[in-house]
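Chain residues, written in single-letter form:
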Amino acid sequence: MEKVCLLVDLDDAGLQEDWHEKIYSFDLSLEVSYSNGEDVFPMLSTGDVVGMVVFCQEPSQNLFAILELFKKNVGAFPEFQVIVCDEPSPILMTQVYEWGIETFWNYETWAEKAAHLTTQIVSTLNDEESSEGKIFDLNQSILTGNQERIIESEAAIEEHAEYDYLAAYSRGKALQATGRYNEAVEAFESAKGMNKKFRPSVSGIGENLLVLGRTDEAIEIFKDLEKVNKRNVDRKANLASAYIAKGDLSTAKAYLKEAHKLNPKHPRIAETKAQYLLSTGKIGEAFKVMDNLQDVGPFFAAKLNEMGIKLSQKGKGKSALALYKKAHKIVRPELKYKISMNAALACYRLGMLDMSMKYLIRTEKEFGKSLPKVDKIKGAVKKAQKKQKTKAAG
């Protein structure tokens, strides 16, 4: 598919009528497409978008969701994103800087500048030696969830990460995606050292510290970021998650309430609410909330895995299996193989050997290659299957 630069109209101020005439009066290196505030979400999920020009006057939760989806599906490319606003307010500039965006255009000159942006994007991404090209490839590998591909892409960017903060940040995301959380913290700290103002790097440090159980350190980082911008829903959700992990449910509830006021539909609110319900033993209610979750990250995924393992070890294999089935539907692609492997173990303990083998095959497919631990479980399953057949024949 041809790569696309999106014009996202959040102002609804007539851009739809004349955008095509304005932009196509210039030479373009990318296809340019118009989108309103609703259609932009499925368009960003196609894998074709590489640049974005957003028309908006004021910050909004819709704007933040669009910027976050671009970062997830395209990569950490602040220079490939622009806000068109004649007089951006300090609040708007502060809010979009959460994604590193510093470029603002006015309405009079946007078309010519957007044409130039398409040329810049194509030239940069087509350069096989550029950091941006390797960041883009790395981000695409993370989206597949294939661990082997992610590891290869991470190795390809390692040299660039020594001097490019966006490469270091993206390498941190890859290390996180492959479960190397201590190394991810180091990569994010390296990115922060190169650019202290790029907040995603700082958030990455906190998120990985949280996964590692270094909760107090994570809280300190999130609180420092909170001082700079008190309107970030994801950060408040992270703080709520951290306090749930500490057992301080009253403080967790307070942050969850603040996040809900900002954007009740933000997916991290539902994820944190499910974590809260599980921590209080309300498993049935938590499962109902989990029905609406997607793209769950490593912290909550780890909690679900831990809970499933404990259930399985206590002889509650069917409950563990039910949990794993639900978890597999909602976690990020790179986290699915761990869920599948634990489901295989639960089935093995229940004597569901054929099902266990199916989960093991799925684990390898999701991981991208064979795993020593999976081979070991396969050996145990095959041995048990042989015993079953011998017993049935006797």
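First things first, this report covers the structure right here in the doc. (Residues numbered from 1 in each chain as written. Predicted model: local features only at pLDDT ≥ 70, side-chain atom pairs only at ≥ 80, totals over all residues. Heavy atoms only, no water.)

**Some words on the pattern of salt bridges**
Phase 1: Following the criterion strictly, the structure yields 18 salt bridges and no others.
Phase 2: In this structure, Arg268 and Asp234 form a salt bridge, with 3.1 Å as the shortest nitrogen-oxygen distance. Residue Arg268 is found in helix H14 (residues 267-279), and its partner Asp234 is found in helix H12 (residues 233-246); the two are separated by 34 residues along the sequence.
Phase 3: Arg268 sits in the buried class, given a relative accessible area of 13%.
Phase 4: The class of Asp234 is partly exposed, set by a relative accessible area of 26%.
Phase 5: We note a salt bridge from Glu258 to Lys236, for which the minimum N-O separation is 2.8 Å. Of this pair, Glu258 sits in helix H13 (residues 249-262) while Lys236 sits in helix H12, and the two are 22 residues apart along the sequence.
Phase 6: Overall, the relative accessible area of 34% leaves Glu258 in the partly exposed class. (Salt bridge = Lys/Arg side-chain N within 4 Å of Asp/Glu carboxyl O. Helix = DSSP H or I, 4+ residues; strand = E, 2+ residues; numbered from the N terminus. Buried < 20%, exposed > 50% of the residue type's maximum accessible area, 1.4 Å probe, protein only.)

**A look at the packing of aromatic side chains**
Phase 1: Under the criterion given, the structure shown has 11 aromatic pairs.
Phase 2: Seen from their ring centres, Phe55 and Trp110 are 5.1 Å apart, and the 90° between their planes marks the pair as edge-to-face. Of the two residues, Phe55 is situated in strand E3 (residues 49-55) and Trp110 in helix H5 (residues 110-126); the sequence distance between them amounts to 55 residues.
Phase 3: Residue class for Phe55 comes out buried when judged on its relative accessible area of 1%.
Phase 4: For the pair Tyr243 and Tyr255, a centre-to-centre distance of 5.9 Å together with 15° between the ring planes defines the contact as stacked. Linking Tyr243 in helix H12 with Tyr255 in helix H13, this pair joins segments that are 12 residues apart in sequence. For the residue pair Tyr243 and Tyr255, the accessibility class agrees, reading buried in each case.
Phase 5: Taken together, the ring pairs in this structure connect Tyr165, Tyr169, Phe188 and Phe198 into an aromatic cluster. (Phe/Tyr/Trp six-rings, centres within 6.5 Å; stacked < 30°, edge-to-face > 60°.)

**Examining the pairing of strand E4 (residues 81-84)**
Phase 1: Going residue by residue along E4, you find Gln81 and Ile83 tucked away on one face and Val82 and Val84 tucked away on the opposite face as well.
Phase 2: Of the pairings in the sheet, the one linking E3 to E4 comprises four bridges and is parallel in character. The partner of Phe55 across the bridge, within E4, is Val84.
Phase 3: Following the backbone out of E3, through helix H3 (residues 61-73) and into the adjacent parallel E4, one traces a crossover that is right-handed.
Phase 4: One ladder, built from two bridges, connects E4 with strand E5 (residues 104-105); its direction is parallel. Each residue of the ladder has a partner; that of Val84, found in E5, is Trp105.
Phase 5: Remark: the E4/helix H4 (residues 90-96)/E5 crossover connection has right-handed handedness. (Pairing = 2+ DSSP bridges. Right-handed = clockwise from strand over helix to strand, strands pointing away.)

**Examining a nonpolar patch on the surface**
Phase 1: A cluster of nonpolar side chains, namely Leu350, Met352 and Met355, defines an oily patch on the protein surface of about 210 Å² accessible area.
Phase 2: Structurally, Met355 is set in helix H19 (residues 353-367). (Patch = residues over 30% accessible without salt bridge, like charges linked within 9 Å, V, L, I, M, F, W, Y side chains within 5 Å. Areas by Shrake-Rupley, 256 points an atom, 1.4 Å probe, with all protein chains shown as cover.)

**Quick word on the environment of Asn292**
Phase 1: As for its position among the elements, Asn292 is in the loop between helix H15 (283-290) and helix H16 (298-313).
Phase 2: Here Asn292 falls in the exposed class, since its relative accessible area comes to 66%.

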